[in-house]
Amino acid sequence: MRREKWIIYILVIAIFSPWSAISTAGTFIGGAKGWYASWESSVLKWFEKDISAGFSEMGMTLNTKRDPGSGYLLGPLLSYQTDDAKWAFSFAPMIFSAFSQDWSGTASGMDLESSVELERKDYDLAANYSLSKNMKVFVGYKHQVVDMDFTLTYDTPMGPNTFYYTLESTVMMPTAGMGFAYPISDKFAGGLQLGLLYSIPTLKMNVISGGTSDTTDLDPYPSLGFNGEASLNYQPLEHFFIQLGYRYQIFQLQTRSEQRWEKTKSNDITHGIILSVLYVF
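Parameters at a glance
- Residues numbered from 1 in each chain as written.
- Predicted model: local features only at pLDDT ≥ 70, side-chain atom pairs only at ≥ 80, totals over all residues.
- Heavy atoms only, no water.
- Helix = DSSP H or I, 4+ residues; strand = E, 2+ residues; numbered from the N terminus.
- Polar contact = N/O pair within 3.5 Å; in protein donor to acceptor, adjacent residues only side chain to side chain.
- Patch = residues over 30% accessible without salt bridge, like charges linked within 9 Å, V, L, I, M, F, W, Y side chains within 5 Å.
- Areas by Shrake-Rupley, 256 points an atom, 1.4 Å probe, with all protein chains shown as cover.
- Salt bridge = Lys/Arg side-chain N within 4 Å of Asp/Glu carboxyl O.
- Buried < 20%, exposed > 50% of the residue type's maximum accessible area, 1.4 Å probe, protein only.
- Contact = heavy atoms within 4.5 Å.
- Pairing = 2+ DSSP bridges.
- Expected span 1.5 Å × (residues − 1).

Chemist: Can you lay out the side chain of H143 for me, pointing to particular residues and giving the numbers?
Modeler: Along the chain, the position of H143 falls in strand β8 (residues 135-156). Side-chain polar atoms of H143 contact the side chain of Y141, separated by 2.6 Å.

Chemist: Give a description of a nonpolar patch on the surface that names residues and reports values.
Modeler: On the surface, a nonpolar cluster with roughly 920 Å² of combined accessible area is contributed by Y36, Y72, L74, I95, F96, L244, Y246, I273, L275 and V277. When contributions to the nonpolar patch are tallied by element, the ones reaching two or more residues are β3 (69-82), β13 (240-255) and β14 (264-280). In terms of residue count, β14 provides more of the nonpolar patch than any other element does, three residues in total. By the secondary structure assignment, V277 is in strand β14. Accessibility expressed as a relative area gives 36% for V277, which makes it partly exposed.

Chemist: Outline the side chain of Q254, supporting the account with residue identities and numerical values.
Modeler: By secondary structure assignment, the location of Q254 is in strand β13. Among the polar contacts made by the side chain of Q254, one reaches the side chain of Q252 at a distance of 3.4 Å. Ignoring sequence-local partners within four residues, the contact set of Q254 consists of P220, Y221, K263, T264 and K265.

Chemist: Describe in detail the pairing of strand β11 (residues 212-218), supporting the description with residues and values.
Modeler: For a regular strand, side-chain orientation follows a simple rule: the groups alternate between the two sheet faces. Across seven bridges, the pairing between strand β10 (residues 188-209) and β11 is antiparallel. By the bridge assignment, S209 is partnered in β11 with T212. Counted along the chain from β10 to the antiparallel partner β11, the turn is two residues long, and its residue G210 has a positive phi close to 60°.

Chemist: Residues and numbers for unusual backbone geometry, please.
Modeler: Phi at A85 is positive, roughly 65°, even though this residue is not glycine. With respect to the helices and strands, the residue A85 is situated in the loop between β3 and β4 (87-94). In this structure A85 comes out as partly exposed when scored by relative accessible area, which is 34%.

Chemist: Talk me through helix α3 (residues 42-57); I want residue IDs and the actual numbers.
Modeler: The end-to-end C-alpha distance of α3, which contains 16 residues, comes to 23 Å, matching closely the 22 Å that a straight helix rising 1.5 Å per residue would cover. Those residues of α3 lying buried are S42, V43, L44, K45, W46, F47, E48, D50, I51, G54 and F55. For α3, the side-chain oxygen to backbone nitrogen distance between the N-cap and V43 is 3.2 Å, and the N-cap itself is S41. Looking one or two residues beyond α3, the residue adopting positive phi is G59, at roughly 80°.

Take a look at the structure:
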């Protein structure tokens, strides 16, 4: 985690340092941003396929039931716009989160007892350049950190067998895209933002069973992804804004564990309501 924190610090400086070079004046914006979302974790889906392959090697068929997880991400939002309104820079560390997801399975008629705990943090940085009053282009960086604890117990002829799995995933995602704004009235405006991302994941898995622990650094493949957001912006007061929108994000996790010959693929899909409350200084 220490290396990832330094990456975030460096990128914050890299994105916000052009302020002094571009303009000596501008507008500062502060507030909070929340995302209530349905989340299909690629880490959990990949892990499910991996243990399914393990049961298959033992001559057993694994049948699973997995509901999409749900929860929220929440954090502060900081933004700066140059005095000529050409450039804007933002940083949203969504560091408060809570997600839950149900998982159950059977292997050749044998019930599996399990519990899943998911933790996630998202860090979003972006630099925007206005091509016109209603159109902008942007480049940015998304940094996602996911921790998953998975406990699996099943019966054997010699008694219950319990495995404890911990998976740690970090995904670095450079992004680029375009945004559009549509004025509706003096107080309302619609917006649409579409972008591509390039996911560069890392994945570490630790397995504890029978008093022994084994940690493996996996080597996932990079992949292209997509994110889009439609929003409605409302200005009830002169310096106060409320943004309500819907965001969809998808990318792919593709890797294999040391015990498997074949790679497995799983999509990471998050979509849901975005709410931001902003104050212009």
